[in-house]
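Descriptive structure summary
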Amino acid sequence: MALLTAYLEDRPIYLFDEWAADQDPQFREVFYSKMLPELKARGKTVVVISHDDHYYFVADRIVKLEYGRVEYEGDAEAQARPVSAGAALAAAESG
């Protein structure tokens, strides 16, 4: 319900902290492949904190944290190996 409310409020910035972790696989797919790209296309800034490396390709930028320190920061495509737990991905505002 909170996701629907946030989505409808049309805010300029969205922060999702492990939001999809407890979702069923079908809705997780919708969240990452439909909802997040749609928010980006609408010019929104979206920050997603996730351990789900299956969807890191959606990100424009990845910040990998290990024990509170930045271990990797950069383009999602440049990240050759999967990013481990503790990663944050941000689909930055387009433009």
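Whatever comes next refers back to the structure up there.
Residues numbered from 1 in each chain as written. Predicted model: local features only at pLDDT ≥ 70, side-chain atom pairs only at ≥ 80, totals over all residues. Heavy atoms only, no water.

**Examining helix α2 (residues 25–41)**
Formally: Numbering of helices and strands runs from the N terminus, with a helix taken as a DSSP run of H or I at least four residues long and a strand as a DSSP run of E at least two residues long. Any helix carries an expected span of 1.5 Å times its number of residues minus one. To get the bend at a residue, fit one axis to the 7 residues ending there and another to the 7 starting there, then take the angle between the axes. Burial classes follow relative accessibility: with a 1.4 Å probe on protein chains only, a residue under 20% of its type's maximum area counts as buried, one over 50% as exposed, and anything between as partly exposed. By the convention used here, residues are in contact when the closest approach between their heavy atoms is within 4.5 Å. We call two N or O atoms a polar contact when they sit within 3.5 Å, provided that within protein one can donate a hydrogen and the other can accept it, with sequence-adjacent residues counted only if both atoms are side-chain atoms.
When the terminal C-alpha atoms of α2 are compared, their 24 Å separation across 17 residues agrees well with the 24 Å that a helix rising 1.5 Å per residue should span. At F31, α2 shows its maximal kink, close to 35°. Here α2 has its buried residues at R28, F31, Y32, M35, L36 and L39. Tucked into the core, α2 has its buried residues touching α1 (2–9), β1 (13–17) and β2 (45–49). Capping of α2 at its N-terminal end is provided by D24; its side-chain oxygen lies 3.1 Å from the backbone amide nitrogen of Q26. The positive-phi residue at the C-terminal boundary of α2 is G43, with phi of around 80°.

**Looking at unusual backbone geometry**
Glycine aside, the phi torsion of most residues is negative, and most peptide linkages are trans. Residues other than glycine seldom take positive phi values, yet E18 does so here, at roughly 55°. For E18, the location among the structural elements is in the loop between β1 and α2.

**Notes on a nonpolar patch on the surface**
What counts is decided by this rule: Only residues above 30% relative accessible area that lack a salt bridge enter a patch, with like-charged residues linked at up to 9 Å and the nonpolar side chains Val, Leu, Ile, Met, Phe, Trp and Tyr linked at up to 5 Å. Surface exposure here means Shrake-Rupley accessible area, sampled with a 1.4 Å probe, where a residue is shielded only by the protein chains that are shown. Salt bridges are defined by distance alone: a side-chain nitrogen of Lys or Arg within 4 Å of a carboxyl oxygen of Asp or Glu.
On the surface, M1, L4 and L8 cluster together into a nonpolar patch covering about 400 Å² of accessible area. Relative to the assigned elements, M1 resides in the segment before α1. For M1, a relative accessible area of 80% corresponds to the exposed category.

**What about the pattern of salt bridges?**
The full count for this structure, using the stated rule, is eight salt bridges. For K40, the salt bridge goes to D60, with nearest N and O atoms at 2.8 Å. Highlighted residues: K40 in helix α2 and D60 in the loop between β2 and β3 (61–66), separated in sequence by 20 residues. Accessibility expressed as a relative area gives 29% for D60, which makes it partly exposed. Bridged by salt links that share partners, the residues D10, E38, R42 and K44 form one connected network.

No statement about biological role is implied by the geometric values presented.
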